[in-house]
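# Coordinates in review
What follows is the residue order along each chain.
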Protein chains: 2
Amino acid sequence: MLTIAMPKGALLKDSIKTLSLIGLDFSALLDNSHRQLQILDPSGQARALLVRAQDVPVYVEYGQAQLGIVGYDVLKEKQPQVAQIADLKFGGCRLSVAVKQTSPYKSARDLPPQARVASKFVKCAADYFQALDLPVEVVPLSGSVELGPLTGMAEAIVDLVSTGRTLKENGLIELEQLFYSTARLIAHPLSYRLDSEQCRAWAEEILGINECMESALKP
Amino acid sequence: MLTIAMPKGALLKDSIKTLSLIGLDFSALLDNSHRQLQILDPSGQARALLVRAQDVPVYVEYGQAQLGIVGYDVLKEKQPQVAQIADLKFGGCRLSVAVKQTSPYKSARDLPPQARVASKFVKCAADYFQALDLPVEVVPLSGSVELGPLTGMAEAIVDLVSTGRTLKENGLIELEQLFYSTARLIAHPLSYRLDSEQCRAWAEEILGINECMESALKP
């Protein structure tokens with residue numbers, strides 16, 4: 001039976017919607033009252049694992065799930081050995097460099113050498129500043145990254161920005177964008193090649209729906 | 001002014017209680033309605049930063065907070081450059097190896113070579129099995145670690161156990177204990193030596209209360 005790793009959080013609702021278009025009903029995952037981490041589609045065709053977004057590529061990499069849905073940001077940061085099959089186009093947000101509104105920095109290049117940059121995306125942040133030849137110190141935080149500049153611990157942050165509300169509320173301003181992130185369909189490479197549990201057929205159905213929706217949106 | 005990094009989650013309530021015994025009132029942090037991450041004690045003597053447990057040692061290491069309260073488990077896993085001042089004795093739990101109840105393994109040493117061990121505590125788990133000369137593969141997960149054995153991805157997990165309810169609900173059983181963890185008072189080493197913001201005096205007050213409570217509990 002096909003197993004799909006689904007991300008908890010912001011991408012879950014649209015992930016369920018996408019799968020419903022190919023006849024898989026995992027809407028029970030939205031029911032907070034039962035905390036099940038594994039559910040079967042009522043038609044018995046597929047199983048979903050509900051895991052943290054960061055863990056989706058782990059389940060797919062180890063072949064425990066043939067397919068998974070996860071943000072591009074997680075793939076860029078973790079560099080898992082998975083096949084990227086499709087851009088599902090939802091869940092758009094950007095990974096950006098931000099500083100205090102009151103700071104003198106107008107671009108990432110203005111940051112002083114040895115500036116401290118707080119981030120959950122340690123690898124992405126380090127790679128970005130290395131490419132700029134700017135030797136900053138990345139301070140790894142696991143949450144509330146905006147507290148870095150507010151407490152004076154860091155001159156800047158690298159964090160996901162969606163509406164920009166959190167930045168604004170904390171007196172921060174976006175300087176540059178590292179990349180734009182959307183939800184991606186990923187697959188276990190070997191399962192995909194061998195079409196285990198018909199995962200390739202399922203992935204192609206999702207791809208078909210995806211292209212169909214895209215052309216419908218074109219003017 | 002003294003700054004104390006406080007951990008979100010399970011240790012917060014008792015951390016606030018401990019500080020209240022030395023005259024610092026951070027009870028406003030328990031009020032979920034205002035999501036403030038920094039608050040002042042009403043007497044104006046100290047400031048609290050409310051951050052994720054894993055980030056407490058980061059703020060203390062960088063000197064942004066002179067003191068912090070955090071679980072020993074986080075200190076063992078992250079090995080931050082902070083001074084461990086006192087065992088506050090609350091928030092007790094153990095980091096344990098667990099397997100499926102139906103598995104044939106009766107001790108950690110029974111696990112097959114190249115067994116997969118899912119854990120949020122990647123360093124602790126790797127160190128433990130290395131000391132046993134058992135070459136396991138640690139699978140890094142960020143949440144719901146119990147799903148590892150349930151899906152067949154891992155033979156065992158290394159995770160925090162408090163009441164044991166989560167293990168039981170998932171058909172898992174504890175094999176061995178890596179260590180017992182409690183809340184610790186930590187300090188920024190240089191601030192502590194130099195007694196910046198009188199952090200040493202404050203820490204000694206906490207120590208005094210701690211010993212006082214301990215002797216009161218003795219039979």
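Under an unreviewed UniProt entry, chain A has the name ATP phosphoribosyltransferase and belongs to Pseudocalidococcus azoricus BACA0444. A UniProt comment under Catalytic activity (unreviewed entry) is attached to chain A, and it reads "1-(5-phospho-beta-D-ribosyl)-ATP + diphosphate = 5-phospho-alpha-D-ribose 1-diphosphate + ATP".

### Quick word on the overall build of chain A
The helix and strand inventory of chain A stands at eight helices and 11 strands. Its C-alpha atoms put chain A at 60 × 40 × 35 Å along the principal axes. Taken across its 219 residues, chain A has 52% of its residues classed as buried. Of all intrachain contacts in chain A linking residues separated by at least 6 positions in sequence, the fraction that spans at least 24 positions is 67%. Accessible surface, chain A as shown: approximately 10500 Å² in total, 49% of it carbon and sulfur. Each charge sign in chain A was given a centre, from 22 positive and 25 negative side chains, and these centres are 3 Å apart.

### Describing the packing of aromatic side chains
Inspection of every chain in the model, using the stated rule, returns four aromatic pairs over all chains. A ring pair is formed by A:Y72 and A:F179, whose centres lie 5.4 Å apart and whose planes are at 80°; its orientation type is edge-to-face. One end of the pair, A:Y72, is in helix α3 (residues 72-78); the other, A:F179, is in strand β10 (residues 172-181), with 107 residues separating them in the sequence. Given a relative accessible area of 12%, A:F179 falls into the buried group. Their ring planes at 85° and their centres at 5.3 Å tell us that B:Y128 and B:F129 sit as a pair that is edge-to-face.

### Quick notes on the UniProt feature "domain: ATP phosphoribosyltransferase catalytic" (unreviewed entry) in chain A
UniProt marks residues 52-206 of chain A with the feature "domain: ATP phosphoribosyltransferase catalytic" (unreviewed entry), using the numbering shown here. End C-alpha to end C-alpha, residues 52-206 of chain A measures 22 Å, and it is 30% helix and 30% strand.

### As for the sheet that holds strand β10 (residues 172-181) of chain B
Residues and elements named next belong to chain B. Read from one edge to the other, the open sheet built from five strands follows the order β8-β7-β9-β6-β10, with strand pairing classed as mixed. Two strands in the sheet have a free side with no partner beyond their single neighbour: β8 (137-140) and β10. Within the sheet, the average angular offset between the axes of one strand and its neighbour, ignoring direction, is 30°. Of the pairings in the sheet, the one linking strand β7 (residues 116-119) to β8 comprises four bridges and is parallel in character. What sits directly across from A118, in β8, is V139. In this fold helix α4 (residues 122-131) packs onto β6 (93-100), β7, β8, β9 (156-161) and β10, with an angle of close to 100° to the strand it touches most, β10.

### So, the interface of chain A and chain B
A common way to state how big an interface is: give the accessible area lost once the parts meet. At the junction of the two partners, chain A supplies 31 residues and chain B supplies 30 residues. For the pair chain A and chain B, the summed buried area comes to about 2600 Å², and 52% of that belongs to carbon and sulfur atoms. Per-residue buried area on chain A facing chain B is highest for A:Y62, A:S142 and A:L147; these three make up 24% of the total on that side. Linking chain A with chain B are zero salt bridges. At the boundary of chain A and chain B, one finds 12 residue pairs in polar contact (both at pLDDT 80 or more). Among the secondary structure elements, those contributing two or more residues to the side of chain A that touches chain B are β3 (46-51), α2 (56-61), β8 (137-140) and α5 (147-151) of chain A.

### Focus on the domain arrangement of chain A
Residues and elements named next belong to chain A. Each assigned domain of chain A is listed with its residue range as follows: domain 1 (2-91 + 182-217) and domain 2 (93-180). The C-alpha-based centres of domain 1 and domain 2 are spaced at 30 Å. Tallying the contact residues gives seven residues for domain 1 and nine residues for domain 2. Interface of domain 1 and domain 2: buried area, both sides summed, is about 720 Å²; carbon and sulfur atoms make up 65% of it. The tally of links between domain 1 and domain 2 comes to four residue pairs in polar contact (both at pLDDT 80 or more). Among the residues making up the side of domain 1 that touches domain 2, the classes are represented as one nonpolar, three polar and three charged.

### Notes on the pattern of salt bridges
Should the charged atoms of two oppositely charged side chains come close, the side chains can pair. Residue and element names in this part refer to chain B. Counted under the stated rule, the structure contains 10 salt bridges over all chains. Of the charged contacts in the structure, one is a salt bridge between D87 and R184, with a shortest N-O distance of 3.7 Å. Taken as a pair, D87 in strand β5 (residues 83-87) and R184 in strand β11 (residues 183-187) lie far apart in primary sequence, 97 residues in all. Among the residues examined, D87 registers a relative accessible area of 26% and is labelled partly exposed. Here K123 and D127 are joined by a salt bridge, their closest N and O atoms 2.8 Å apart. Note that K123 and D127 are positioned in helix α4 at a spacing of four residues, about one turn of the helix.

### A few points about the environment of A:R109
Residue and element names in this part refer to chain A. Along the chain, the position of R109 falls in the loop between β6 (93-100) and β7 (116-119). Residues R109 and L88, spaced 21 residues apart in sequence, show a C-alpha to C-alpha distance of 33 Å. Apart from residues no more than four positions distant in its own chain, R109 is found in contact with L132 and L134.

Criteria and thresholds
Residues numbered from 1 in each chain as written. Chains lettered and ligands numbered in written order. Predicted model: local features only at pLDDT ≥ 70, side-chain atom pairs only at ≥ 80, totals over all residues. Heavy atoms only, no water. UniProt positions renumbered as here; feature names shortened; annotations may be inferred. Helix = DSSP H or I, 4+ residues; strand = E, 2+ residues; numbered from the N terminus. Buried < 20%, exposed > 50% of the residue type's maximum accessible area, 1.4 Å probe, protein only. Contact = heavy atoms within 4.5 Å. Areas by Shrake-Rupley, 256 points an atom, 1.4 Å probe, with all protein chains shown as cover. Lys, Arg positive; Asp, Glu negative; His and termini not counted. Charge placed at Lys NZ, Arg CZ, Asp CG, Glu CD. Phe/Tyr/Trp six-rings, centres within 6.5 Å; stacked < 30°, edge-to-face > 60°. Pairing = 2+ DSSP bridges. Axes fitted to C-alpha atoms, helices over the stretch in contact; angles between N-to-C directions. Buried area = accessible area lost by both parts, 1.4 Å probe. Salt bridge = Lys/Arg side-chain N within 4 Å of Asp/Glu carboxyl O. Polar contact = N/O pair within 3.5 Å; in protein donor to acceptor, adjacent residues only side chain to side chain. Domains from an automatic or database assignment. Nonpolar A, V, L, I, M, F, W, Y, C, P; charged D, E, K, R; others polar.

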